[in-house]
Amino acid sequence: MSNCEGCESQVARLLVTCQDQSGIVQAVSGFLYEQGANIISLDQHTTEAYGGKYFMRVEFHLNQLNAKKQSLSEGFERVAQAFAMDWRLSYNDEPKKVGILVSKEDHALLELLWRYSHGALPCVITKVVSNHLALKEATERFGIEFVHIPVPKDEAGKEAAYAQISQEMAGNDLLVLARYMQILSPTFVDEWQGKVINIHHSFLPAFVGANPYKQAFEKGVKLIGATAHYVTSELDEGPIIEQGVERVSHAYSVSDLRELGRDIERDVLARAVKWHLEDRIIIDGAKTVVFD
């Protein structure tokens, strides 16, 4: 049994991005030592052996953290300025708020809700928004608010719908597209830049459009998978967070491929969301650095 009551609530995470240079680790760890913090984990990555781009994730424990948040942030700003760092602090006792968008398919949504109900996702799921009513009952069984917002086909109607969705989701730190079968408007994507995670099968760009598993079956594919990524204005081409693949054979039917694909999507999306919630991801242009 732990001898530290309330330890988890006194844990914070620091993410750092800057030009690689001597003294970064010493400066960060030295600062945390001066604050009385204990480093739990420290992960780092640089793009070059010398002079590249540097990334760091530090998780630490600090007694009476809640009372020290402001002084911690103000104090680290001086370190950050010395190295021209982009940085952010987050705290275990301030779980991120998450909204989910879904259409009719339930596998990705139910996986997230099940893990959330078992305490496996460190967040607060605030509500589920859907353009259909199919998953209303399934969502509400978990005690989560369900909001139905149809998305018309005409452009004016779409813009109005996405404005309504954005208003419903205001205050959330992350949106998850759990098989939301609509193309988000450019305005919506810009408003939520870096805060929307999507999941899709990994046949793109080879098998575009309806029934990709039938197309894959007809081509005799030997690998199927799924990709979780951040949403950008380029459809399905945002920075990749996580991918999963499974080998298949000629013995798999279209139905077998589709079912296996759903299994992979569930796991890949859940991992991507969890890593985001735990501040393990730094977006670097078109790519991500993931400290897993």
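Keep in mind that this is a model prediction, so the values were computed, not measured. (Residues numbered from 1 in each chain as written. Predicted model: local features only at pLDDT ≥ 70, side-chain atom pairs only at ≥ 80, totals over all residues. Heavy atoms only, no water.)

### Quick look at the packing of helix H1 (residues 24–35) against helix H2 (residues 65–83)
Quick reminder of the rule: Orientation is described by axes fitted as lines to C-alpha atoms, over the contacting stretch for helices, and by angles from 0 to 180 degrees between their N-to-C directions. Runs of E in the DSSP output that reach at least two residues are strands. Runs of H or I that reach at least four are helices, and both are numbered from the N terminus. Oblique is the label for any angle not covered by the other classes, which are roughly parallel (under 35 degrees), roughly antiparallel (over 145) and roughly perpendicular (65 to 115). Crossing handedness follows the turn of the near helix against the far one: under a right angle anticlockwise gives a left-handed crossing, and clockwise gives a right-handed one. The criterion used for residue contact is that any of the two residues' heavy atoms lie within 4.5 Å. Note on residue categories: nonpolar means Ala, Val, Leu, Ile, Met, Phe, Trp, Tyr, Cys or Pro, charged means Asp, Glu, Lys or Arg, and polar means any other residue, Gly included.
Running from N to C, H1 and H2 point in directions that differ by 160 degrees, and their axes come no closer than 11 Å. In terms of orientation, H1 lies roughly antiparallel with respect to H2. Considering how the two elements wind past one another, H1 and H2 form a crossing that is right-handed. Judged by residue contacts, Ile24, Ala27, Val28, Phe31 and Gln35 of H1 engage Lys68, Leu72, Gly75, Phe76, Val79 and Phe83 from H2. Its residues assigned to classes, the contact of H1 with H2 shows eight nonpolar, two polar and one charged.

### Regarding H2
Just so we agree on the cut-off: Note that bend, as reported per residue, equals the angle between axes fitted to the 7 residues terminating at that residue and the 7 residues originating from it.
If you look at H2, its biggest bend is around 35 degrees, right at Ser71. If you follow the buried residues of H2, they end up packed against strand S1 (11–19), H1, strand S3 (53–61) and strand S4 (86–91). A positive backbone phi angle near 50 degrees is found at Ala84, which sits one or two residues after H2.

### Topic: the sheet that holds strand S7 (residues 145–148)
Put simply, the rule reads: Pairs of strands are assigned from DSSP output, requiring at least two bridges between the strands.
Strand order in the open sheet formed by seven strands is S7-S6-S5-S8-S9-S10-S11, with mixed pairing between adjacent strands. Two strands bound the open sheet, and with one partner strand each, they are S7 and strand S11 (240–247). For this sheet, the mean inter-axis angle between neighbouring strands, taken without regard to orientation, is 20 degrees.

### Remarks on the pattern of salt bridges
Heads up, the rule is: Here, a salt bridge means any side-chain nitrogen of Lys or Arg that lies within 4 Å of a carboxyl oxygen of Asp or Glu. Relative accessible area decides the class of each residue, using a 1.4 Å probe on protein chains only: under 20% of the type maximum gives buried, over 50% gives exposed, and in between gives partly exposed.
If you walk through the whole model with that rule in mind, you get 23 salt bridges. Here Glu168 and Lys127 are joined by a salt bridge, their closest N and O atoms 2.8 Å apart. Of this pair, Glu168 sits in helix H5 (residues 155–169) while Lys127 sits in strand S6 (residues 123–130), placing them 41 residues apart in sequence. Its relative accessible area of 11% is what places Lys127 among the buried residues.

### What to know about the packing of aromatic side chains
Under the convention used in this document: Aromatic rings from Phe, Tyr and Trp, taking only the six-membered ring of Trp, are treated as a pair when their centres fall within 6.5 Å; an angle between ring planes under 30 degrees marks them as stacked, one over 60 as edge-to-face, and anything in between as tilted. By definition here, charges over rings are those cases where NZ of Lys or CZ of Arg is within 6 Å of the ring centre and within 35 degrees of the ring normal.
A complete count under the given rule lists four aromatic pairs for this structure. Residues Phe31 and Phe76 carry aromatic rings whose centres are separated by 5.5 Å and whose planes lie at 65 degrees to one another, so their mutual orientation is edge-to-face. Of this pair, Phe31 sits in helix H1 while Phe76 sits in helix H2; the two residues are 45 residues apart in sequence, bridging distant segments of the chain. Neither residue differs from the other here; Phe31 and Phe76 are each classed as buried. Members of the aromatic cluster, joined through ring pairs, are Phe31, Phe76 and Trp87. One cation-aromatic arrangement involves Lys69 over Tyr91; the distance from NZ or CZ to the ring centre is 4.6 Å.

### Here's the deal with the sheet that holds strand S2 (residues 38–46)
With respect to topology, four strands assemble into an open sheet ordered S2-S3-S1-S4, the strand pairing being antiparallel. Sheet topology places S2 and S4 at the edges, where each strand pairs with a single neighbour. Pairs of neighbouring strands in the sheet enclose a mean axial angle of 10 degrees, with direction left out of account. Pairing between S1 and S4: six bridges, direction antiparallel.

### Digging into unusual backbone geometry
The backbone of Ala84 shows a phi angle near 50 degrees, a positive value even though the residue is not glycine. Along the polypeptide, Ala84 turns up in the loop between H2 and S4. Given the relative accessible area of 60%, Ala84 is considered exposed.

### Focus on H5
The line we're drawing: A helix is expected to span 1.5 Å for every residue after the first.
Here H5 contains 15 residues, and its C-alpha end-to-end distance of 21 Å stays within 8% of the 21 Å for a straight helix at 1.5 Å per residue. Buried positions along H5 lie against strand S5 (96–102), S6, strand S8 (174–177) and helix H6 (186–191). Positive phi appears at Gly171, one or two residues downstream of H5, with a value of about 100 degrees.

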